[in-house]
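Listed below, chain by chain, are the residues.
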Amino acid sequence: MDKKILRKHYIEKRNNLSNLEVERISHDIAMNLFKLDIYKNSSFIMTYVDFNKEVRTEEIIRHSIDIGKRIGIPITIKEERKLIISELKDFDEELEISTYNILAPKNEFIRIVHPSIIDLVLVPGAIFDRNGYRIGYGGGYYDRFLPSLNKKTTTIGLAYDLQLIDNVPRGCYDLPVDFILTEKEFINCKTKNSEKFY
């Protein structure tokens, strides 16, 4: 099936979740993340700031800062279709609505960091398959950004279970994530092993 049709269909499915369901499932995903050694051993984590009904990341951001981890969030450079990473230290004080109506740092709180220092990236998407391939929102921002990471950096796609399909159509520049985390399981996209949460 065409990427655009798939994207539209699965965003509609996601949008059918109630706000209460989004909060509950996102909390479960955050709790699952906090149990992972990959998370525990990461000192600098890059995460998207959610919009619409994406898996919420506010709890992840707040908790990570509270326990002394460094957090980076993306700034979208629309003209160049690229992401730069800024370190966030205070969720309440430092953010404002920016490009695509997504929260981003106010000018006075922009602290650019080099992608090579990032240990873990939490990747958004409209759809994922178990091989780690994803369909984003059509801008190609993460496809351009991910190759700039350190080879040791781990990437985890955050998704609701309903966003998983068997196979995502792939382009030559598409890069898979290493793992996918949902409310139900943690999938290793290289080995196809899955750890279930109960």
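Presented here is a report on the structure given in the accompanying data block. Computed from a prediction, not measured in an experiment: that's the story for all the values here.

Quick notes on the rules
Every residue gets a number counted from 1 within its own chain, in the order that chain's sequence is written. The model is predicted, so local features are restricted to residues of pLDDT at least 70 and side-chain atom pairs to those at 80 or more, both for listing and for counting; the totals for chains, interfaces and linings are taken over all residues. Processing note: side-chain calculations cover all non-hydrogen atoms of the structure and skip hydrogens and water entirely. One side-chain nitrogen of Lys or Arg within 4 Å of one carboxyl oxygen of Asp or Glu is enough to make a salt bridge. The helix count covers DSSP runs of H or I at least four residues long, the strand count covers runs of E at least two residues long, and both are numbered beginning at the N terminus. When a residue's accessible area, from a 1.4 Å probe over protein chains only, is under 20% of the maximum for its type it is buried; when over 50% it is exposed; and in between it is partly exposed. Two aromatic rings from Phe, Tyr or Trp, using only the six-membered ring of Trp, form a pair when their centres are within 6.5 Å; if the ring planes differ by under 30 degrees the pair is stacked, by over 60 it is edge-to-face, and anything between is tilted. The rule is short: NZ of Lys or CZ of Arg within 6 Å of the ring centre and within 35 degrees of the ring normal puts a charge over the ring. The length a helix should cover is 1.5 Å for every residue beyond the first. The arc in question is the one spanned by the directions pointing from the helix axis to the C-beta atoms. The contact criterion used is simple: two residues touch if any of their non-hydrogen atoms lie within 4.5 Å. Each polar contact in these results corresponds to two N or O atoms within 3.5 Å; when the atoms are within protein, one needs to be able to donate a hydrogen and the other to accept it, and residues that are neighboring in sequence are counted only if both atoms are side-chain atoms.

## Quick look at the pattern of salt bridges
When the charged atoms of two side chains with opposite charge come close together, those side chains can pair.
Right, on to step 1. Here the structure, examined in full by the defined rule, presents 14 salt bridges.
Right, on to step 2. Ionic pairing is found between Arg62 and Asp92, a salt bridge with its closest N-O pair at 2.6 Å. One end of the pair, Arg62, is in helix H4 (residues 58-66); the other, Asp92, is in helix H5 (residues 91-94), with 30 residues separating them in the sequence.
Right, on to step 3. Glu185 is the salt-bridge partner of Arg130, the closest N and O atoms lying 2.6 Å from each other. Placement of Arg130 in the loop between strand E8 (127-129) and strand E9 (134-135) and of Glu185 in strand E13 (residues 185-188) is noted, with a sequence separation of 55 residues between them.
Right, on to step 4. Exposure remark for Glu185: the relative accessible area of 2% places this residue in the buried category.
Right, on to step 5. Salt bridges sharing common partners tie together Glu23, Asp50 and Arg56.

## What to know about the packing of aromatic side chains
Think of a pair of aromatic rings as described by two things: how far the centres are apart, and how the planes are tilted against each other in angle.
Right, on to step 1. Under the criterion given, the structure shown has 4 aromatic pairs.
Right, on to step 2. Centre to centre, the rings of Phe34 and Tyr39 are 5.2 Å apart; their planes meet at 45°, and the pair counts as tilted.
Right, on to step 3. It is Lys69 that lies over the ring of Tyr39; its NZ or CZ is 5.0 Å from the centre.

## What about helix H1 (residues 3-15)?
Right, on to step 1. Its 13 residues give H1 an end-to-end C-alpha distance of 18 Å, which sits within 8% of 18 Å, the value for a rise of 1.5 Å per residue.
Right, on to step 2. The complete set of buried residues in H1 reads Leu6, Arg7, Tyr10 and Arg14. When H1 is viewed along its axis, its buried side chains cluster within an angular range of 100° and face the same direction. For H1, the exposed residues lying more than 90 degrees away from the buried face are Lys4 and Lys8.
Right, on to step 3. If you follow the buried residues of H1, they end up packed against E8, E9 and strand E11 (164-165).
Right, on to step 4. One side-chain oxygen at the N-terminal end of H1 lies 2.9 Å from the backbone nitrogen of Lys4; it belongs to Asp2.

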